[in-house]
Amino acid sequence: MQSKLKPEVRPGGCAGCRDGAGLSFAFSMAFQPIVDIETETVFAYEALVRGPEGQSAASVLGQVDSANIYAFDQQCRVRAIEASVEAGLLDTPSRLSINFLPNAVYSPAACIQLTLKTAGAVGMPTDRLIFEFTENEEMLDPVHVANIIGTYQKMGFGTALDDFGAGHAGLTLLARFQPDIIKLDMELIRDIDTSLPRRMIVEGMLRMCTELGISVIAEGVETEGEFAALRDLGVRYIQGYLLAKPAFEALPEVNWPRKQQIAV
């Protein structure tokens with residue numbers, strides 16, 4: 001979920017943060033697994049916004065503006081939780097990863113209340129929630145973003161920085177705060193099995209994240225060669241079309257590559 005909008009923040013917060021009301025359009029969620037290749041289990045499912053009938057994310061995001069961005073962010077969290085439970089997430093040990101818009105969080109403690117209420121209503125343990133944001137999202141106030149991450153971590157949520165290695169900040173953003181997870185941008189992953197520079201960059205990131213206590217997810221994995229290269233580098237968590245495409249309002253089955261098929 002991405003937006004370059006600059007929301008108008010008014011004193012006293014906004015109604016969207018309190019009740020999520022104010023949207024004139026409907027949407028739902030698709031889910032894509034993030035797998036743990038060591039245990040061959042699904043670590044988490046990422047919730048991806050879609051139109052009410054499964055239309056593209058762009059068809060929804062094109063309707064988001066500065067007047068409804070707060071309500072949209074709130075309702076994304078609500079719909080992700082509700083739809084994941086409807087799809088059977090609580091019958092698995094997997095976590096739920098929810099995208100959020102840092103620029104739409106007026107106060108981390110206040111804006112999380114509807115999320116907590118929703119999770120409680122459907123029986124979703126809050127320690128199974130991960131909140132991820134993309135560094136492609138323009139950070140209007142990096143100090144504020146650091147406060148959001150710190151608040152969420154203190155409340156027991158997982159935090160993730162998406163699209164790491166592309167966008168507005170990169171290492172500078174990581175120096176300001178340390179999320180629990182970084183998701184390596186797919187451009188770093190593409191053809192990593194045949195690109196020495198990409199392998200060296202990812203290997204260096206893995207060493208850095210190990211020292212910082214940050215888990216690494218490689219996203220956008222599409223080929224068996226990429227999978228094998230990442231496995232050999234020591235990447236544990238992988239997401240991409242090779243394993244499963246997003247499924248609308250459902251938890252897709254994972255197509256596990258067999259080691260003998262992808263030996264390098």
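What counts and how
Residues numbered from 1 in each chain as written. Predicted model: local features only at pLDDT ≥ 70, side-chain atom pairs only at ≥ 80, totals over all residues. Heavy atoms only, no water. Helix = DSSP H or I, 4+ residues; strand = E, 2+ residues; numbered from the N terminus. Polar contact = N/O pair within 3.5 Å; in protein donor to acceptor, adjacent residues only side chain to side chain. Contact = heavy atoms within 4.5 Å. Phe/Tyr/Trp six-rings, centres within 6.5 Å; stacked < 30°, edge-to-face > 60°. Buried < 20%, exposed > 50% of the residue type's maximum accessible area, 1.4 Å probe, protein only. Pairing = 2+ DSSP bridges. Core = buried A, V, L, I, M, F, W, Y, C linked by side-chain atoms within 4.5 Å. Salt bridge = Lys/Arg side-chain N within 4 Å of Asp/Glu carboxyl O.

(A) Up close: the side chain of S28. When you line up the elements, S28 lands in strand β1 (residues 28–36). Of note is the side chain of S28, whose polar atom sits 3.2 Å from the side chain of R79. In terms of polar contacts, S28 uses its side chain to reach the side chain of E249, at 2.6 Å. In contact with S28, not counting residues within four places along its chain, are L48, V49, R50, G51, P52, R79, F248 and E249.

(B) Spotlight on the environment of C209. If you trace the backbone, C209 turns up in helix α9 (residues 196–212). Beyond its immediate stretch of four places on either side in the chain, C209 contacts I182, I214 and V216.

(C) Geometry of the packing of aromatic side chains. If you walk through the whole model with that rule in mind, you get 11 aromatic pairs. Summarising the aromatic geometry, the rings of F25 and F72 are spaced 6.1 Å apart at their centres and angled 45 degrees between planes, so their arrangement reads as tilted. Taken together, the positions of F25 in the loop between α1 (15–19) and β1 and F72 in helix α3 (residues 69–87) put the pair 47 residues apart, joining distant regions of the chain. Accessibility assignment for this pair places F25 and F72 in one class, buried. Taken together, F100, F131, F133, Y152, F157 and F177 form an aromatic cluster joined through their ring pairs.

(D) Inspection of helix α10 (residues 224–233) at higher detail. Residues E226, F227, A228, A229, L230 and L233 constitute the buried set of α10. Residues of α10 that are buried sit in contact with α8 (186–189), α9, β7 (215–218) and β8 (237–238). Downstream of α10 by one or two residues, G234 has phi in the positive range, about 100 degrees.

(E) Examining the pairing of strand β3 (residues 95–99) more closely. For β3, a buried count of four out of five residues is recorded, marking the element as mostly surrounded by other parts of the structure. Inspection of the sheet shows strand β2 (residues 41–50) paired to β3 by four bridges, in the parallel sense. Paired with E46 across the two strands is S97, which belongs to β3.

(F) Region of the structure containing unusual backbone geometry. In this structure, E40 takes a positive phi of about 55 degrees despite not being glycine. Take E40: it is sitting in the loop between β1 and β2. One non-glycine residue, E249, adopts positive backbone phi at about 55 degrees. Mapped onto the elements of the fold, E249 is located in the segment after β9 (247–248). Since its relative accessible area comes to 35%, E249 is described here as partly exposed.

(G) Looking closely at the nonpolar core. If you look at the biggest cluster of nonpolar residues, it comprises 66 residues, and the most contacted ones within it are M29, F72, L96, I182 and I238. The greatest single-element share of this core, amounting to seven residues, is contributed by α3. Excluding residues within four positions of it along the chain, I182 makes contact with L161, F164, L174, C209, I214, S215, V216 and I217.

(H) Main features of the pattern of salt bridges. Here the structure, examined in full by the defined rule, presents 11 salt bridges. The closest approach of N and O atoms between R236 and D36, which form a salt bridge, is 2.8 Å. With a gap of 200 residues between them, R236 in the loop between α10 and β8 and D36 in strand β1 connect regions that are remote in the sequence. With relative accessibility at 5%, the residue D36 sits in the buried group. Linking E219 and K183 is a salt bridge whose minimum nitrogen-to-oxygen distance equals 3.8 Å. Of this pair, E219 sits in the loop between β7 and α10 while K183 sits in strand β6 (residues 181–184), and the two are 36 residues apart along the sequence. Judged by relative accessible area, E219 falls into the buried class, the value being 7%. By relative accessible area, which is 0% here, K183 ends up buried. One continuous salt-bridge network, built from bridges that share partners, spans E46, E132, K183 and E219.

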